[in-house]
Structure formats: C-alpha cells, structure tokens
Amino acid sequence: MTSYLRGRVTALTAAAAAAVLALTSLTAQPASAEPTQHIPGGDFTTGTTGWWSTDNAPLSATGGELCADVAGGTTNAWDVSLGHNGIPLVKGAAYELSFRAHASVPVTVRANVQLNEAPYTTALSRAVALTTQAQTFEYTFTSSLDSADGTLTFQLGGSAGAFRFCLDDVSLTSDAATPPAGPEQVKNGDFADGTAGWYSYGTTATGADDGRLCATVPAGLANPWDAGIGQNNVALTAGASYTLSFDATATPGATVRAAVQLGADPYTSYLSRDIALTATRQHLEYSFTAPEDTTAGQVAFQVGGAAAEYRLCLDNVSLIGGEAEPPYVPETGPRVRVNQVGYLPGGPKNATLVTETTGALDWQLKTAAGDVAASGRTEPRGVDAASGQNVHTIDFSAYRTAGTGYTLVADGQTSHPFDISSTLYQQLRSDALQFFYIQRSGIAIDGNLVGDQYARPAGHLGVAPNKGDTDVPCRAGSCDYRLDVRGGWYDAGDQGKYVVNGGIAVQQLMSSFERTKTAVTAAHGAGLADSTLRVPERGNQVPDILDEARWELEFLMRMQVPAGRPLAGMAHHKIHDANWTGLPMQPQNDPEQRELQPPSTAATLNLAATAAQCARLFAPYDAAFSAKCLTAARTAYAAAKANPAKPAQDLGGGGGGYGDDDVSDEFYWAAAELYLTTGEAAFLTDVTASEHHTGDVFAATGFGWGSTAALGRLDLATVPSALPATDRKRIRQSVTTAADNYLATLEAQAYGLPMPGNAGSYFWGANSNILNNVQVLATAFDLTGAAKYRDGAVQGVDYIFGRNALNQSYVTGWGEKASQNQHTRIYAHEKDAALPHPPAGSLAGGANAGLDDPYAKALLTGCKPMFCYVDDIESYATNEIAINWNSALAWVASFLADQEKSQPAPAASCRAGYTDYGEWADKAGFTAQLAVTNTGTTTIDGWTVRFAFLGGQHLREAWSAETTQSGATVTARPTSTNQRIQPGATVYFGFNATTPGGPNPAPELITLNGTACERS
C-alpha cells in the first residue's frame, strides 16, 4: 500500500503547533434567513400548473396528487421523466427537498435537482424506493452549482413493467446563507461525478452510492490509518483560514479521524479530529489556519481501528478558504511545433509555427552541431480554428539526409529536437504492441520481458484479496449461473473487461498481421513474426502478435452464455468490479466482487466477428483453436440474429457503460468476417443486404468501438475472397474515396491532421479516431501504391507526436515532451512514486472539448478544442489509456515501420497468374499453378516467389520449384533447370495442397524477389 495513504498522524511540527485550531461541531445546518419555497402549488390542489413531463408520461391531477402512467421497457431512467423548472441554484446555499410519493407496484425511481441545460449537472441525485403506500421523503443538500435554470426532475424510466406513479406535498426550499469565505479546495465533494478525484484503501465495496461516497470498513485493523478515504493535491496557503465541513454516517457506529495534513513525508498534521459517528447523519465543521504553503495537502478520513465492521458514508465534503488557484496556463514550449519523434527521409516533413506575424518568415533546419542544413520561407495559414492560434506551415520535405538531433528555427524560436531516419518507427511497433501484454489479466507479468518496474503477480485469479474472475456471478441476479472469464486485457484506467472494446482492439491486432498477406511493403510479415515481441509465448512458431490476440480471444469466448441457459450463444457485455476502486489499485490487490453484466447484441456480434477472423488466421498454426473460434462465431451470429435488438444494460457498479443502440454496423462487420472465412452464400447475402454495404462508413471523425462498419469494409477491400469483381472494385473505391476526403481535411488543417477543426471533432478518445483515419489512408496506399496516401498517413501521425497546439506527444516515452501521467490504476506514478509511469508506447486519449471529468472541467473550462487536454492522472476524459486506443496506434505503427524506404515500391517488372484447377474429388485438397513472367528488360538470375493462403491450406508437394511454407506464406525458389528468366519469358510451377474446407481464393499479393507482380 502506498506510504502516503497509510499517512500516519504525526506530532505537530513547530510551525504546525503555532497554527490556530478552532473547532465547531454541528449537528444541523447553521441558522439562516427564512427559507424560500421554489415549488408553488406542490399540493396540486390547483392542478398540474408549472409541471412538465415527457410525451410518454402524460400528467393528471387526481385527488390532490400528481400522477403519471409509466410504460415499461424503457432503457434509461431519464427516458421517462417529469419535473418542475425555474429552480434557482445558488452555490453554497442550503436546500431542503421533501415530497410524498407512491407507485402501483414497488419500484425505484430517481429524484434530481440539476441544471436544466447541458451538461445537466446534478446538485442532488437520490434513488427513491417506492411502495404501494405513500411515504414521505426528505433530503438536504448544499448546492455546488450557480444557475438560474435549475430543475427538479423525477426520472421514472428503466423499469421492465408498467406502473402508475403519484406525487404529493412537494416542497423545495433554500436558505441563502453566506458561504464561508474563500474558494472551494475540494473537487467533487458532493460525489456527483462518482468517486472521481478520491482515493481509498483498506476498505471494500467502496463507491458512489446514491450521491454519497460509501465504503465498508473491515474489523480488526490495528490503526486508524490502516484504512482511509481522501483527496490529494489540495493547495493550502500559510496564514489563511480554512473550514472543513462534511456530512457523515457510520452504521452501526464507529470513531473515525478527519484530518487535513501534508500528503507526503513527514505528513504534517494541520487539523486532526476523532469523531464518533452513528447511523444518524451528522453535519460537521472544523476550522484551522494553515501554517505553511503547500500544493501537496490532503483531506483524509482515517477509518481503521474499529472492533467491528461498519459502513461509512460521506457527503458534501468541503474545504473552503485560502486563495483561488491561478488560471491554468499549459506549458507549450517553443512556438515551432514538430513531430518530436522525427521524419522518414523520403517522407513528408512539416511543422507548424505559432506567431502573431501574418507575413511569411524565414526558417532554418539545423543539424545537431548547429549547422544550417536547409532553409526557406513559412506559409502563413491564418487563425487555426481548433487552437485559436495564428499559425504558419513549414515544409522541409525536400531535405532527405538521415541524422539525429535536428531542430527547426523560425521567428526566434527553436523546436524540440527530432531525428530523420528510415528506422524511426521500428521500436514504436514493438512498444505499442507491448502495452497489451502488460495489460493482461490472469497472468503474472514477467519483469525479465518488460522491465522489473512492470512485473506484478497475476490479477483476478481468486487469490486474496481478489474475488477473482474464475467464478463470476451476474450483477443483481440477472442470471443464475457463474462463469470462468479469466484472461483478456484490462480495458483502460480501470480493471474492467468489455467485449465491445476488446472486440475492436483484438480485430486491429489481427488485422495488423493479416495486412502482411496483402500489403507490398509488409515483407510478408517479417516484422511481426515469431520472437519479434516481448511475450512469454515467443519461440512457439506462431507470430507473437497472434499469441497476444489469442489471450483476448480466449477471454471473449469465455464471455459466451453456455448452452442450455437463457440467451445461449450470446455474449455478456462486460465484467467489472461491483464498486469503483480508487487510485492507485494494482490488479492483485483489488478486493471487489467481480460481476457479469447482461448479454447484449453488440457484444455478441463483436464475438462473432473477431472469432470468425480468428478462425482463418489461426488455421495454419492451431487447427483445433481455429475450429473453436469458428464454432463460437457461428453460434454467436445465430444468437444475435435470434436476439437482434438486445441493448447493453448497465446495471451499475464500478465500470463504464459502453452502450450502443444501433447494432446494424456490428451485424455488417460480423457477416463480412464470417463470409471471408467461410465463403458461404448466407453470409454474403447478409453482407450485401446491409445498408452499410453501399453506404458511407468512413465518417469525418473516424470509426471506433461504437461504429464498426468500417472494420468490415476494410477487410472486404483487402482480404482475398470470391466477392463479385464489380462489388470488390466498388468497395476498394470507397476506401480510396474516403482517403481522398481525409487528405483534403489534412491539407486544410494547419496542424496537418486528418480530423476537422471543430469542437465536435475533439471528444473522448479522439486520438484513436485520428489514427483510425490514418489507417484508412494507409490501406488506400496498400491497395493502390499511390504515394499521396502513404504520405498522408505518415504526416497524419505528426499531430500525435507533438505537432499540435500543446507541443505534446501523446505517447509515453516517445518525444521530448510526452504524456506520462495517464489515468490508470496500475501505472499510477503520479499517486505513488513507487509505481511506474505507463509503459513506453501508451497512447493518451487526447484533447476532449467535452471536458467530461471534473478535473478537466475545473481546469480547462473555456479552452479551445486542441487545448482541452491535461497530462494528469485525475483527468480520465482527456488522459486515460485504453486498449482500443493502443490498438489503433499499434496498427499504424506497424504500417509506419514497414515504410523504411519512404518511397513507393518500384514499378513491377513481373506479371503473375494463379490458376486453381479445383478441388479434389474428396474435397480434401486442390491443385494450382503459378505462371510468373519477366516483364523487364534484363534477365532475372535466381528468383524467389512468395504468396499467402487465406487460412489453413497447406502444401503437400510441388513441381518445377523448391517450396516451403511458414504459417500461411508459401515461398518458391527455382530448381536447377529454371533459375534464369529471360525478358518476356515465363516460369511455371505447380503444387498440390490440402485444405480444411472453406474458401480458397487466389492470393492477393504475389511477389518476385520482393517486388509485387502485376496480376494476369
């Protein structure tokens, strides 16, 4: 456990002893002026005046009650709502809400006092358990909001059955008491954003519960500091007065210690009080004067030492006083913004200059020794919409000399150093893929492979304090069985595992490998071969990237509902903790119960799609596993078709939602993968019947886990199949058309990224969508060989590596100023110096104009889109890591690593024809022949021809060539009689091959001595 979380209460230092500690303990809110009523006519004797409802809940006033008939079957609580607007919300003012309510059947609804406009922040949110008998409910709260446009809302949706809801005697009053002087130093003290910003340790079942932070504290802990809840990084000013206040209960009762102290050694105490709590809610306030300046203060509740287990709940935690934090101004470094990693010698080389000057300026490219290597004039671009900056572009693409430590100088500014190298991205491919091994669940991470700082025991295998993933029940009784769902990858900053996020992530890893069968620059997979990555399976004759993918695929198949159970064949949407855990939290230390959430159509189709792709890729290496994947895929697809509209249900707990109301794209993706693997007409029918087959699946803002039609389209465009030629041509054209659109966007953006410059394009995880647009550009290059698409893909990553408004590389370990404090419970160095930063190659989510977490919102409100990012562990909405973000990086990094020559492949000097003479009578194999013609003007003396089968085809014998096979890749070399191929001459060789069944399309790529041949 982290030392500062143990945080002993030390004796006061001399400075602390001089502090003035004044104590006031209150059991009720302070006296105030006459309360103001905000709900006129709350007894409904004058009807429903002033009240509104959604269309699906018409209101009536009957017998002095307001009633609404609520339909069953809605998904979310807010799908059926009624309420009263015009509620003034005053920050710091005390409010009291009371009402009587009942329902025709027992049901739980939610009462909110909140903003009546986006982002609809709540000042009060309570779950209200109704019975058929009218009950009175009373709540008090202190408003954390300032707005004239508040609303009292009753959210009634989310129930399976219909019911009648009735309300009476509604009162909402406020007391405009003057709040304590000074700014609020505690973030999310009302827990409206869950447990964001708060740590916990030594407790269980810790999380936000009905607007409070609650935790179960075990018995038998020796000291108060053996368990705790708190918030770090609290700023205190010497000589300033502060008031700590909070509401608390302990059931059945306990004594806890409330403290404000230094959050690091020597843990100087500024305020410490032992408080006897009971099950009756108390409001407590304490005042003190800070003896020193610090930004490392800590509000701590030390809760250990009780003889019996108890349940602690906190609410309205506040520390008022001191000085307001100065406005946050990011450190952006030099005004010349470059790709801090560097540039390929023959690739595009662009930078951005931030300047107030509107006319062109001189620039110089300097070597590490300070010599001028190139010079030119900038291109003024005006004000960039995404950053609000006046910028110029610097294009130094003409300079091609490799070297290290280059800098660009313009307008009196010198950029961060960078390299020009053909091997620039080789290590990035390894690092981006290494991320997945370190994110593995259910296996000890070997420090000999990845460094001792990342070594850890296996997590979630049922070894105390883990509850484990080996025998997991369903949430809230939603199923009557338990599953072994060990393995897979931890999704993101939390330790949940989500099928829809795992689906796109494992697809992109498998597609990185499958690309090597068809892409000219991929060298038939040499860069992704066995023993190229640091994984424990290396050396097993299977490409390491497939070994990594298998770890996730095994987990995805374990999430399938067993035969004989309701919804058999479908996939559970996710598995995660019953309650949120704090930061940091190592997987092996997670004490929470793990729970399955109900199956969904989206998750089931993710399983069908990825398992189908698995079947063809693993066929050459493990026929049994390939067959297992195909069985799982067929079963899942059939189950999805039988349950085509079962949305994800988020039943709460410590995990993200990942809801998706439109699964037509997942149906298209799954049908495409099953067709490519099996060649069966039924799947082709589903592919061609989909609206996505002819629709535009490449959005300007990219694809992601919730929009997967592009995955199917890209595979249909690149994977060999018997798709009709006209259809295949149209599909390929759609990829190049999308790539042309992304090129136009890139050229219009002064920072050179393939993403529009409006605020709507900067959202949670947008960095991965940018990279997914780069993937489309790269695929267009693989399909056409057109240099513009390769150059667009190469330039498109400049933004990720520092050519942006913040001068920030978003990949840990890559760039002079790189993200390193991403939101994660595992690599939480910012919270505990004994823990590492995220591993090199970890991608941050990136700028998010939505500011969807309280830390970012407090720090960055009003930011221009490209500035809406902070490299802090608390900002999960801008700075989280996630497997589907790193899979996008891994795919692109693998493509970049293959572009060593930085030039399109030389013009083909060969033509290849592939003739399949058909299946044998027993359908166990086939016979084929290749004809390779020298279309050049010089004799070819010695030749090597390579191509790849689709799946499990395997050479039995060959003639007129010496052949070998590795995985799906066949290599043919001459015999002693046909080593030379004269200009215009053709060499022929044939073979017999066995096949496990399924389609046997002609290979997409045939190379002669490493050069792709034209097809005849």
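Computed from a predicted structure; not experimentally measured.

Parameters at a glance
- Residues numbered from 1 in each chain as written.
- Predicted model: local features only at pLDDT ≥ 70, side-chain atom pairs only at ≥ 80, totals over all residues.
- Heavy atoms only, no water.
- Helix = DSSP H or I, 4+ residues; strand = E, 2+ residues; numbered from the N terminus.
- Rg over C-alpha atoms; globule rule 2.2 N^0.38 Å.
- Contact = heavy atoms within 4.5 Å.
- Areas by Shrake-Rupley, 256 points an atom, 1.4 Å probe, with all protein chains shown as cover.
- Lys, Arg positive; Asp, Glu negative; His and termini not counted.
- Charge placed at Lys NZ, Arg CZ, Asp CG, Glu CD.
- Phe/Tyr/Trp six-rings, centres within 6.5 Å; stacked < 30°, edge-to-face > 60°.
- Buried < 20%, exposed > 50% of the residue type's maximum accessible area, 1.4 Å probe, protein only.
- Disulfide = S-S within 2.5 Å.
- Pairing = 2+ DSSP bridges.
- Axes fitted to C-alpha atoms, helices over the stretch in contact; angles between N-to-C directions.
- Expected span 1.5 Å × (residues − 1).
- Core = buried A, V, L, I, M, F, W, Y, C linked by side-chain atoms within 4.5 Å.
- Polar contact = N/O pair within 3.5 Å; in protein donor to acceptor, adjacent residues only side chain to side chain.
- Left-handed = near helix turned anticlockwise from the far one by under 90°.
- Salt bridge = Lys/Arg side-chain N within 4 Å of Asp/Glu carboxyl O.

### So, the overall build of the chain
Thought 1: Counting secondary structure elements, the chain contains 17 helices and 49 strands.
Thought 2: Taking 2.2 N^0.38 as the reference for a compact globule, 1016 residues should give roughly 31 Å; the C-alpha atoms of the chain span a radius of gyration of 31 Å, in line with that estimate.
Thought 3: A separation of at least 24 residues holds for 73% of the contacts in the chain among residues at least 6 apart in sequence.
Thought 4: For the chain, the exposed area adds up to about 36,100 Å²; of that, 51% sits on carbon and sulfur atoms.
Thought 5: Mean positive and mean negative side-chain charge positions of the chain (63 and 98 charges, respectively) differ by 7 Å.

### Side note on unusual backbone geometry
Thought 1: Geometrically, the link from alanine 118 to proline 119 is a cis peptide bond, its omega value of 10° lying close to zero.
Thought 2: Structurally, the position occupied by proline 119 is in the loop between β8 (107-115) and β9 (122-130).
Thought 3: Between leucine 583 and proline 584 the backbone carries a cis peptide bond, its omega angle lying at -10°.
Thought 4: The residue proline 584 is located in the loop between β35 (574-577) and β36 (594-596) in this model.
Thought 5: We note that phenylalanine 44 has phi near 60°; this positive angle belongs to a residue other than glycine.

### Observations regarding the packing of aromatic side chains
Thought 1: A complete count under the given rule lists 39 aromatic pairs for this structure.
Thought 2: A ring pair is formed by phenylalanine 191 and tryptophan 198, whose centres lie 5.2 Å apart and whose planes are at 50°; its orientation type is tilted.
Thought 3: Ring centres of phenylalanine 246 and phenylalanine 301 lie 5.0 Å apart, and the angle between their planes is 85°; on these two criteria the pair is classed as edge-to-face. Highlighted residues: phenylalanine 246 in strand β17 (residues 241-251) and phenylalanine 301 in strand β21 (residues 294-302), separated in sequence by 55 residues. Across this residue pair, the class does not change: phenylalanine 246 and phenylalanine 301 are buried.
Thought 4: Grouped by ring-pair contacts, the aromatic residues Tyr343, Trp363, Phe396, Tyr399, Tyr406 and Phe418 constitute a single cluster.

### Let's talk about the environment of histidine 84
Thought 1: Locating histidine 84 in the fold gives a position in strand β6 (residues 81-89).
Thought 2: With 70 residues separating them along the chain, histidine 84 and phenylalanine 154 place their C-alpha atoms 9.2 Å apart.

### What about the state of the cysteines?
Thought 1: With the rule as written, the count across this model stands at 6 disulfides.
Thought 2: Note that cysteine 67 is cross-linked by a disulfide to cysteine 166, the S-S spacing being 2.1 Å. Since a negative S-S torsion denotes a left-handed disulfide, the cysteine 67-cysteine 166 link at about 115° is right-handed. Here the residue cysteine 67 occupies a position in strand β5 (residues 65-70), and cysteine 166 occupies one in strand β12 (residues 163-175), the gap between them amounting to 99 residues.
Thought 3: According to the relative accessible area criterion, cysteine 67 is buried, its value standing at 2%.

### A few points about the sheet that holds strand β19 (residues 269-278)
The pairing of strands in a sheet comes from backbone hydrogen bonds and takes either a parallel or an antiparallel form.
Thought 1: Across the sheet, 5 strands lie side by side as β13-β16-β21-β18-β19; this open sheet has antiparallel pairing. Because the sheet does not close on itself, it has two edges, and the strands there are β13 (199-201) and β19. When strand polarity is set aside, the average angle formed by the axes of neighbouring strands in this sheet is 20°.
Thought 2: Inspection of the sheet shows β13 paired to strand β16 (residues 228-236) by 3 bridges, in the antiparallel sense. Bridge pairing in β16 places tyrosine 199 opposite glycine 230.

### Remarks on the pairing of strand β38 (residues 910-919)
Thought 1: Note: β38 against strand β39 (residues 925-934), 8 bridges, orientation antiparallel. Paired with tyrosine 914 across the two strands is leucine 930, which belongs to β39.
Thought 2: Here β38 folds back onto β39 in antiparallel fashion, the turn holding 5 residues, of which lysine 923 has a positive phi close to 60°.
Thought 3: Bridge analysis of β38 against strand β49 (residues 1014-1015) gives 2 bridges, and the strand direction is parallel. The residue of β49 that forms the bridge with arginine 911 is glutamate 1014.

### Here we look at helix α7 (residues 601-618)
Each turn of an α-helix holds 3.6 residues, which means side chains three or four residues apart point in the same direction.
Thought 1: Between its first and last C-alpha atoms α7 spans 25 Å; for 18 residues at 1.5 Å apiece the expected length is 26 Å, and the two agree.
Thought 2: Most of α7 is tucked away, with 18 of its 18 residues classed as buried.

### Some details on the nonpolar core
Thought 1: Counting residues in hydrophobic clusters, the biggest one holds 148 residues, and the most contacted among them are Tyr425, Leu553, Tyr637, Phe698, Tyr799 and Phe801.
Thought 2: Among the elements that line this core, the one with the most residues is α7, at 12 residues.
Thought 3: Not counting chain neighbours up to four residues away, the residues in contact with phenylalanine 801 comprise Val338, Asn339, Gln340, Val341, Tyr425, Leu428, Gln808, Ser809, Val811, Trp814 and Leu889.

### As for the sheet that holds strand β11 (residues 147-155)
Thought 1: The 5 strands are arranged β3-β6-β11-β8-β9 in an open sheet whose pairing can be described as antiparallel. Of all the strands in the sheet, the pair left with one neighbour each is β3 (51-53) and β9. For this sheet, the mean angle separating the axes of adjacent strands, direction not counted, is 25°.
Thought 2: Where β8 and β11 come together, 6 bridges link them in antiparallel fashion. Looking at the pairing, arginine 110 lines up with glutamine 155 of β11.

### Some details on the side chain of asparagine 501
Thought 1: Tracing the sequence through the fold places asparagine 501 in helix α5 (residues 499-514).
Thought 2: Only 2.9 Å separates the side chain of asparagine 501 from the side chain of asparagine 884, close enough to count as a polar contact.
Thought 3: Among all residues touching asparagine 501, those that are not within four sequence positions of it are Asp491, Tyr658, Trp705, Ile883 and Asn884.

### Describing the environment of threonine 1007
Thought 1: Among the structural elements, threonine 1007 can be located in strand β47 (residues 1007-1008).
Thought 2: Here the alpha-carbon distance between threonine 1007 and asparagine 978, two residues 29 residues apart in the chain, equals 17 Å.
Thought 3: For threonine 1007, the residues in contact, after removing those within four places along its chain, are His524, Thr944, Val945, Arg946, Ala1012 and Cys1013.
Thought 4: Side-chain polar atoms of threonine 1007 contact the side chain of histidine 524, separated by 3.0 Å.

### Brief notes about helix α9 (residues 664-678)
Thought 1: Here α9 spans 21 Å end to end across 15 residues, near enough to the 21 Å set by a 1.5 Å rise per residue.
Thought 2: Among the 15 residues in α9, 15 count as buried, and that is most of the element.

### A closer look at the side chain of asparagine 772
Thought 1: By the element assignment, asparagine 772 lies in helix α13 (residues 766-784).
Thought 2: Accessibility expressed as a relative area gives 2% for asparagine 772, which makes it buried.
Thought 3: Discounting residues that sit within four places of it in the chain, asparagine 772 has contacts with Gln508, Phe703, Gly704 and Ala888.

### A look at the packing of helix α8 (residues 623-642) against α9
Thought 1: Contact geometry for α8 and α9: axes closest at 11 Å, N-to-C directions at 145°. Classified by chirality, the crossing of α9 by α8 is left-handed. Here α8 contributes Leu630, Ala633, Arg634, Tyr637, Ala640 and Lys641 to the contact with α9, which in turn contributes Phe667, Ala670, Ala671, Leu674, Thr677 and Thr678.

### Focus: the pattern of salt bridges
Thought 1: Under the defined criterion, the tally for this structure stands at 40 salt bridges.
Thought 2: With its nearest N and O atoms 3.2 Å apart, the salt bridge here joins arginine 281 to aspartate 315. Taken together, the positions of arginine 281 in the loop between β19 and β20 (282-289) and aspartate 315 in strand β22 (residues 310-321) put the pair 34 residues apart, joining distant regions of the chain.
Thought 3: One salt-bridge network, held together by shared partners, links Asp469, Lys497, Asp577, Asp590 and Arg594.

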